[in-house]
Amino acid sequence: MAPAAMRLAARSLSDAQPVPFWLDDPAKPGALPALTGDEHCDLLVIGGGYSGLWTALLAKERDPERDVVLIESHEAGWAASGRNGGFCAASLTHGFANGLARWPDELAVLEQLGARNLDAIEAAVAAYSIDCDFERTGEIDVAVEPYQLDELRETYEQVTRLGLDGYELLDRDRMRAEVDSPTFLGGLWDRRGVAMLHPARLAWGLKRACEELGVRIYENTPGLKLSSNGSRMGVRTPYGRVFARRVALGTNVFPSLVKRVRAYTVPVYDYALMTEPLTEEQLAAVGWKNRQGLGDSANQFHYFRITADCRILWGGYDAVYPYGGRVTAEMDHRPETYLKLAGQFFDCFPQLEGVRFSHAWGGAIDTCSRFSAFFGTAHGGKVAYAAGYTGLGVGASRFGAEVMLDLLAGERTERTELEMVRTKPLPFPPEPIAWAGIGLTKWSLARADAHGGRRNLWLKAMDRLGLGFDS
């Protein structure tokens, strides 16, 4: 970064609060008491993010008489569910291209299930009066290099052949008429497949809905140990125990209580900035009247969107893997990444020079080698888990909740018959191999971005093995 650009980026960050914008909200509910003593229930849900909250809510919708308890180690929505960009996508496969590469024979079904899942989220937001700024605006994948135009055109042809509608290919002028940046060369607009929302308020709304249906929620209550206790499962917590007929694990990036699952995920730290509210003149300079979410098409990509109060969220690019897969509060902030992101923001929107950022934050994403969720059971079918959403869990976590409930019920459904559900990704190797492999992959992805998208021998080998690294 040139010295002048670095000074501009640094000035823009001078007032940024090192807290997630979404969680810095007067609407945030107070914490519920921790569990003390013993609890007994039909279903115990561990984790108060989207995975756990949807599982508890859907369990009560399926059977209002089912006795459901949810425990959360901090507060509901505190981790990834309250720190993400607020892109609620229909895709269950981390995008069309990833789904086509991995499950071509069932992609049409996966796309239908994903569309129905997003419709169900929209319906739940309305039914439970969840105030989360839900907007079905869609998302535009943006080309910022010429080779990316060819990739977007190929994707458009593939979705058209599959009979999927709602996609629109944009040339440079039409792209810049939607959102104006000198770096934009074109785009592919998925008009219906993504909604924008306030992620923390979605989590808080789901928490309230669960309570209204009779779910007993205990916060600041981590599950420490899972063990079989005859026909029931037992979970030890700091001040008590829970005994349950069935257990659903929605802990995602945090170490699973089923130890064999841990090798399938690694934490990736992702970072984001939020601007102050834009003035009318600043808004006019960028356009963005249709309020879509945007993401560029590079391997090291940015995602960005406009909020209900006309701020711009700008995140992504750096995907930081901590050695040994440690999930620590110290990793939640990375000033060198904030500075890099700020400089890239003004490269994209030079007309917004002078805008300042109000918030800067990070958080851990649970990534797996196939980039999309995997599922399974343990302890003779009494425990189910879903993990590995790799950044697209805002929408897909509801589908994962449905899968976990199907598995716990022992039911054969359209969901449980999917190859995506019946198979698992390749696990990550132990350290130091994981550190070296992820580092080489990140270097190779950056190199591909700088060389017209050309993938080197390492990336081609990873492609053949079905391995990858993403956020």
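> Give a detailed account of the sheet that holds strand β6 (residues 186-190), specifying residues and quantitative values.
The mixed open sheet is built from eight strands, whose spatial order is β5-β6-β4-β13-β14-β15-β12-β16. At either margin of the open sheet sits one strand with a lone partner, and together these are β5 (167-170) and β16 (357-367). Neighbour to neighbour, the strand axes of the sheet diverge by 20° on average, direction disregarded. The sheet contact formed by strand β14 (residues 302-306) and strand β15 (residues 312-316) spans five bridges and is antiparallel. Looking across to β15, one finds that arginine 305 is bridged to leucine 313.

> Tell me about the nonpolar core, residues and numbers included.
Core analysis: the biggest nonpolar cluster contains 53 residues, and Leu43, Trp54, Phe134, Leu202, Leu206 and Phe375 have the highest contact counts within it. Those elements giving two or more residues to this core turn out to be β1 (37-46), α2 (50-62), β2 (68-71), α4 (107-127), α7 (199-212), β18 (383-387), α10 (393-409) and α11 (419-422). Broken down by element, the residue count for this core peaks at eight residues, all from α10. The residues contacting phenylalanine 375, other than those within four sequence positions of it, are Tyr385, Ala386, Tyr389, Phe399, Gly400, Val403, Leu407, Met420, Val421 and Lys424. Counting residues in hydrophobic clusters, the runner-up holds 38 residues, among them Ala16, Val253, Leu283 and Leu294.

> Residues and numbers for the state of the cysteines, please.
Summed over all chains, the structure comprises zero disulfides. You can see cysteine 88 has no disulfide; the closest cysteine sulfur is in cysteine 132, sitting 8.4 Å from it. A relative accessible area of 0% places cysteine 88 in the buried class. Of all cysteine sulfurs, the one in cysteine 348 lies closest to cysteine 310, which takes part in no disulfide; the gap is 17 Å. A residue is classified by how much of its surface remains accessible, and cysteine 310, at 22% relative accessible area, is partly exposed.

> An account of unusual backbone geometry is requested, with residue identities and associated values reported.
The peptide bond linking glutamate 431 to proline 432 adopts the cis configuration, its omega dihedral lying at 0°. With respect to the element layout, proline 432 can be found in the loop between α11 and α12 (433-450). For cysteine 310, which is not a glycine, the phi torsion comes out positive at approximately 65°. Within the secondary structure, cysteine 310 is located in the loop between β14 and β15. Non-glycine residue tyrosine 317 carries a positive phi angle of around 70°. Looking at the element boundaries, tyrosine 317 is found in the loop between β15 and α9 (335-348). With relative accessibility at 25%, the residue tyrosine 317 sits in the partly exposed group.

> Give me empty space enclosed by the protein: which residues, what numbers.
Taken as a whole, this structure holds two cavities of 30 Å³ or more when the rule is applied. Reported here for the largest cavity is a volume of approximately 40 Å³. If you go around the largest cavity, the residues you meet are Leu23, Lys28, Glu75, Ala76, Gly77, Trp78 and Trp204. Per-class residue counts for the lining of the largest cavity are four nonpolar, one polar and two charged. Lining the second largest cavity, in full, are Ser91, Leu92, Thr93, His94, Phe371, Ser372, Ala373, Tyr389, Leu392 and Ala396.

> Now, about the packing of α4 against α10: what can you tell me, with residues and values included?
Orientation of α4 relative to α10, taken along the N-to-C sense of each, is 100°, at an axis distance of 9 Å. The pairing of α4 with α10 is recorded here as roughly perpendicular in orientation. Of α10, the residues touching α4 (which contributes Leu113, Asn117, Ala120 and Ile121) are Val394, Gly395, Ala396, Arg398 and Phe399.

> With reference to specific residues and values, describe the pattern of salt bridges.
Evaluated as defined, the whole model comprises 30 salt bridges. Here arginine 334 and glutamate 336 are joined by a salt bridge, their closest N and O atoms 3.6 Å apart. Classification of arginine 334 as partly exposed rests on a relative accessible area of 24%. Connected via shared salt-bridge partners are Arg62, Arg398, Glu402, Asp406 and Arg415.

The rules behind the values
- Residues numbered from 1 in each chain as written.
- Predicted model: local features only at pLDDT ≥ 70, side-chain atom pairs only at ≥ 80, totals over all residues.
- Heavy atoms only, no water.
- Pairing = 2+ DSSP bridges.
- Helix = DSSP H or I, 4+ residues; strand = E, 2+ residues; numbered from the N terminus.
- Axes fitted to C-alpha atoms, helices over the stretch in contact; angles between N-to-C directions.
- Core = buried A, V, L, I, M, F, W, Y, C linked by side-chain atoms within 4.5 Å.
- Buried < 20%, exposed > 50% of the residue type's maximum accessible area, 1.4 Å probe, protein only.
- Contact = heavy atoms within 4.5 Å.
- Disulfide = S-S within 2.5 Å.
- 1 Å grid on protein atoms, 1.4 Å probe; cavity = no way out; pocket = protein on both sides within 12 Å on 5 of 7 lines; lining within 4 Å.
- Points joined across faces, edges and corners; volume = space filled by probe spheres on them.
- Nonpolar A, V, L, I, M, F, W, Y, C, P; charged D, E, K, R; others polar.
- Parallel < 35°, antiparallel > 145°, perpendicular 65-115°, else oblique.
- Salt bridge = Lys/Arg side-chain N within 4 Å of Asp/Glu carboxyl O.

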